[in-house]
Amino acid sequence: MKLLIFLGILLASLAGQSLAQAPAQISVSPDVFRIDIDDNRPHSLTVMNLSDRTIEATTSVSGWTLENDQVVPTPPTPASLDQWIILNPVDMKIAPGESQIVRFAIRPSSEPKRGEHSAMLWIQEKHAMAPSRMVKARFRIGVAIYADKNPVERAGQFIAAHIEPDKNRLKLEFSNQGNAHDRPSGTVTLENRNNQQQAPITLSLPKRPILPGKKASQYVLLPTLPTGTYLLTLEGHFYDRQRVFQQQMEFRAP
């Protein structure tokens, strides 16, 4: 699967008026790795430059976790996966329409513990100098690497769902007591109880990972709805599709 990312981190210009340079358009494939930590073969990531300018970027790897549903890098330890990964190349220059292969291999310095080990492979544009009246446009893309040491147990659990009317969203609460991440998938259906002629609205769950040993909240933004009473039906499952969850609730749109 190719993940087309238009991700620019715009740094504010000190000048009163500025012109923004378009962020680079980057495609990476695959967008996630799930591998056996004992597999000594090198793995490869393809980085494609879809923009009309040459980009210079660096590769790096770090540990990571999720805080408030956002990826946050974590400090390295001797037994963390990021310390066992060898990357090549570290620096790259990609012309418009061209691609670069990034290879990595896992070389543990000690016996990995059972369960899942995770790291994030970062592709980041170098900090290029720009005219003082220009906004510098950069990208930073993270590709998750999950490396398993068997036996692996995925034990995601659905806890509850709540409407947050002030933020017009559905809050989903999950936990995972396993030793590897799990991922919920599913749909949310909204039916207007006051207008049976209105077609139901179907929304997808965000498919964010629930990390091992963690509790996590995920959010589904709700559309602007006509005033009335609605029936919300949540139906979902985890990776193995055998563990399913569902919930129904009524709520009133103001």
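A brief structural summary. Source: prediction; values computed, not measured. (Residues numbered from 1 in each chain as written. Predicted model: local features only at pLDDT ≥ 70, side-chain atom pairs only at ≥ 80, totals over all residues. Heavy atoms only, no water.)

Quick word on the overall build of the protein chain
We count it as follows: A run of H or I in DSSP becomes a helix once it reaches four residues, and a run of E becomes a strand once it reaches two; helices and strands are each numbered from the N terminus. Partly exposed residues are those whose accessible area sits between 20% and 50% of the maximum for their type, while under 20% is buried and over 50% is exposed, using a 1.4 Å probe and protein chains only. Contacts: residue pairs with any heavy atoms within 4.5 Å of one another. Methods summary: accessible areas were calculated by the Shrake-Rupley approach with a probe of 1.4 Å, and residue burial reflects only the protein chains presented.
Each helix and strand in the protein chain was counted, giving zero helices and 21 strands. Taken across its 254 residues, the protein chain has 41% of its residues classed as buried. Counting only contacts in the protein chain whose residues sit at least 6 apart along the sequence, the fraction spanning at least 24 positions is 68%. When the accessible surface of the protein chain is totalled, it reaches about 14100 Å², and 49% of it is carbon and sulfur.

Some details on the sheet that holds strand β19 (residues 214-221)
Spelled out, the test is: Strand pairing follows a simple DSSP-based rule, namely that at least 2 bridges must link the two strands. Axis lines are fitted to C-alpha atoms, over the contacting stretch for helices. Their N-to-C directions set the angle, which ranges from 0 to 180 degrees.
The three strands are arranged β15-β16-β19 in an open sheet whose pairing can be described as antiparallel. The outermost strands of the open sheet, each flanked by one partner alone, are β15 (156-164) and β19. Across the sheet, the mean angle separating the axes of adjacent strands is 20° when strand polarity is ignored. Pairing between strand β16 (residues 169-176) and β19: eight bridges, direction antiparallel. Note that in β19 the partner of Glu173 across the bridge is Ser217.

Focus: the pattern of salt bridges
As a reminder of what qualifies: Criterion for a salt bridge: a side-chain nitrogen of Lys or Arg within 4 Å of a carboxyl oxygen of Asp or Glu.
The final tally for this structure, using the stated rule, is 11 salt bridges. A salt bridge links Arg53 to Glu125, with the shortest nitrogen-to-oxygen separation between them at 2.9 Å. Residue Arg53 is located in the loop between β6 (43-49) and β7 (55-67), and its partner Glu125 is located in strand β12 (residues 115-125); the two are separated by 72 residues in the primary sequence. A residue is classified by how much of its surface remains accessible, and Arg53, at 17% relative accessible area, is buried. A salt bridge links Glu164 to Arg169; its shortest N-O distance comes to 2.5 Å.

Notes on the side chain of Asp182
Condition: Two N or O atoms form a polar contact when they lie within 3.5 Å of each other; inside protein one atom must be a possible hydrogen donor and the other a possible acceptor, and for residues adjacent in sequence the pair counts only when both atoms belong to side chains.
Secondary-structure assignment places Asp182 in the loop between β16 and β17 (185-192). Classification of Asp182 as buried rests on a relative accessible area of 0%. Engagement of the side chain of Asp182 in a polar contact is seen with the backbone nitrogen of Gly156, the distance being 3.0 Å. Side-chain polar atoms of Asp182 contact the side chain of Arg243, separated by 2.7 Å. Beyond its immediate stretch of four places on either side in the chain, Asp182 contacts Arg154, Ala155, Gly156, Asn176, Arg208, Pro209, Ile210, Phe238, Tyr239 and Arg243.

A few points about the pairing of strand β14 (residues 140-149)
Strand residues, when the strand is regular, have side chains that alternate between the two faces of the sheet. Where burial is concerned, most of β14 is hidden: eight out of the 10 residues are buried. As defined by bridge partners, β12 adjoins β14 across 10 bridges and the pair is classed as antiparallel. Counted as the bridge partner of Leu121 is Val143 from β14.

Things to note about the sheet that holds strand β18 (residues 201-204)
Taken in spatial order, the four strands line up as β18-β17-β20-β21 in an open sheet, and their pairing is antiparallel. Here the strands that pair on one side only, and so sit at the sheet edges, are β18 and β21 (244-253). Mean inter-strand twist for the sheet, computed between neighbouring axes without regard to direction, equals 20°. Examined bridge by bridge, β17 and β18 share four bridges and lie antiparallel to one another. Looking across to β18, one finds that Thr187 is bridged to Ser204.

Concerning the environment of Val90
Topologically, Val90 is positioned in the loop between β9 (85-88) and β10 (91-94). With relative accessibility at 44%, the residue Val90 sits in the partly exposed group. Sequence separation of Val90 and Val102 is 12 residues, and the distance between their C-alpha atoms is 8.4 Å.

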